[in-house]
Amino acid sequence: MIKKLSGNIIVYGITNGFKSLVPILMLPILTIYLSAEDFGILSLIEVCILFLTPIVSLNINGSINVEYFKLEKKELSRYITNAFLLSIISFILISFLFLIFSNQIANILKTNDMLILWLPFFALLRVSTQVILGIFQISGESKKFALFSIFQTILDFGLSYLFVVSYAYGYIGRLAGVYIAFFISSLIAIYILYKSKLFSSPTFFYTKDILSFGAPLIPHAIGGTIIAMSDRFFISYFYDNEYVGYYTASYQVSSLMLLIGMSVNQAWMPIFFKMLKDKTDTKKIVKLILIISLFFLISMLFIMLLRDFIFDVLVDEKFFIAKEYFYWLLIGFFFQSLYFLVTNFLFYFKKTKLLASITFLGAIINIILNYIFIKYFGVIGVAYATAITWFIFLSYVSIQSVKVYKNENY
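Residues numbered from 1 in each chain as written. Predicted model: local features only at pLDDT ≥ 70, side-chain atom pairs only at ≥ 80, totals over all residues. Heavy atoms only, no water.

Asks: Honestly, a nonpolar patch on the surface in this entry has me stumped. Any pointers?
Replies: Taken together, the side chains of Tyr237, Phe238, Tyr239, Phe360, Ile364, Ile368, Tyr371, Ile372, Tyr376 and Phe377 define a hydrophobic patch exposed on the protein surface, amounting to about 1,100 Å² of accessible area. Listed by contribution, the elements that provide at least two residues to the nonpolar patch are α10 (217-238) and α16 (352-377). Here the nonpolar patch gets seven residues from one element, more than from any other, and that element is α16. You can see Tyr239 is positioned in the loop between α10 and α11 (241-254). The exposure class assigned to Tyr239 is partly exposed, which follows from its relative accessible area of 38%. (Patch = residues over 30% accessible without salt bridge, like charges linked within 9 Å, V, L, I, M, F, W, Y side chains within 5 Å. Areas by Shrake-Rupley, 256 points an atom, 1.4 Å probe, with all protein chains shown as cover. Salt bridge = Lys/Arg side-chain N within 4 Å of Asp/Glu carboxyl O. Helix = DSSP H or I, 4+ residues; strand = E, 2+ residues; numbered from the N terminus. Buried < 20%, exposed > 50% of the residue type's maximum accessible area, 1.4 Å probe, protein only.)

Asks: Can you help me understand the nonpolar core in this one?
Replies: Generally speaking, nonpolar side chains in soluble globular proteins are found buried as a group. Counting residues in hydrophobic clusters, the biggest one holds 129 residues, and the most contacted among them are Leu119, Tyr247 and Trp268. Take this core: its biggest share by element is 15 residues, from helix α15 (residues 323-348). If we ignore the near neighbours within four places in the chain, the residues touching Tyr247 are Asp231, Arg232, Ile235, Tyr325, Leu329, Val379, Val382, Ala383 and Thr386. (Core = buried A, V, L, I, M, F, W, Y, C linked by side-chain atoms within 4.5 Å. Contact = heavy atoms within 4.5 Å.)

Asks: Would you explain the packing of helix α13 (residues 282-305) against α15 in this entry?
Replies: What describes two packed helices is the angle between their axes and the distance between those same axes. Axis separation between α13 and α15 bottoms out at 10 Å; the angle between their running directions is 165°. Taken together, the axis directions place α13 and α15 in an arrangement best described as roughly antiparallel. Helix-helix and strand crossings are classified by hand; for α13 and α15 the assignment is right-handed. Here Ile285, Ile289, Ile292, Ser293, Phe296, Leu297, Met300, Ile303 and Met304 of α13 come into contact with α15, specifically with Phe326, Tyr327, Leu330, Ile331, Phe334, Ser337, Leu338, Leu341 and Phe345. (Axes fitted to C-alpha atoms, helices over the stretch in contact; angles between N-to-C directions. Parallel < 35°, antiparallel > 145°, perpendicular 65-115°, else oblique. Left-handed = near helix turned anticlockwise from the far one by under 90°.)

Asks: I would appreciate a short explanation of the environment of Gly214 in the present structure.
Replies: Among the secondary structure elements, Gly214 is positioned in helix α9 (residues 207-214). Counting along the chain gives 139 residues from Gly214 to Lys353, while the straight-line C-alpha distance between them is 9.4 Å. Look past the residues within four positions of Gly214 in its chain and what remains in contact with it is Leu58 and Asn59.

Just distances and angles here, no functional claims.
Following this line, the structure appears as structure tokens:
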């Protein structure tokens, strides 16, 4: 099992490392070709898209992953079709709301109305890629996961470089590069699902089950986005978008820790779900989680030591003020990586309502801490708030996961 886990970690690690090359390689390009203010606007737009994604997708990728081993292929295809239909309906409703309130949203993000109308569509483009990557992951097809991810990554970087550097379209060019790549990848994902016979005739038979799983995860995902991204809106309000740009640069550099956390969890989750299904001895599960947690700690300390070197390589000198926020954001990502491990318990046992309530509470705590700390400590205050929020979040989710595990007679 350790050998299999190590092999999957290597595959997912290399894949996610390659995927992360886009924001990492784009970081020096964007910090050269964009002003700090434009970089800040780009960050706020991306936050808005991430905020919309769980509402549009209804988290159907998560429900499909859970049902993958429980349904026969014919029923799974009906389930997936039903899930996509619900996501499309959600997209239409959200697009209508954005059409009505486009002026107000544009004023908040400080960009033009026409771009705002595209944001729900950008969120929709993420759905099919999430689904196909989730199926590759849960089915153990790590090579297909890697090939699909790497293809999208190369496309993303190539188009973004073309539009930002060659055509000088600024942050609009970066958005165009990302979402044209998503559009092409979405077409491929839909074709793969079709050829794999994972689409059926239209049906709403599983609607209740899909919504009962996915709907509670909407506040969970939104709460997670608030915890991860609301700091930028506080910086924009109390300071300006120039500081949002500095903070975002530090956020992207420190997210190397998050890359490690996500890669390990992607390799660990299918193994973990199978261990729970087989009712593997609790001591064995705990031992593996502790080993992974120690690996996270060592990784964080190593990244801390390399701070100056990483900034010299990835960030233009005019953004070096971002170093001030690095350590606290890195610690926050360390706690988030540990959170990934323990939250798997709640996903497996479908405790999404519990997870949603916990995340909603965490989002409220984060907003309060952001408001207090930015007033007393300045921009670095939101980095303090991020680290403290993830620690509180991790602690409470760990307690609840232990309770759920025991209640399920394991």
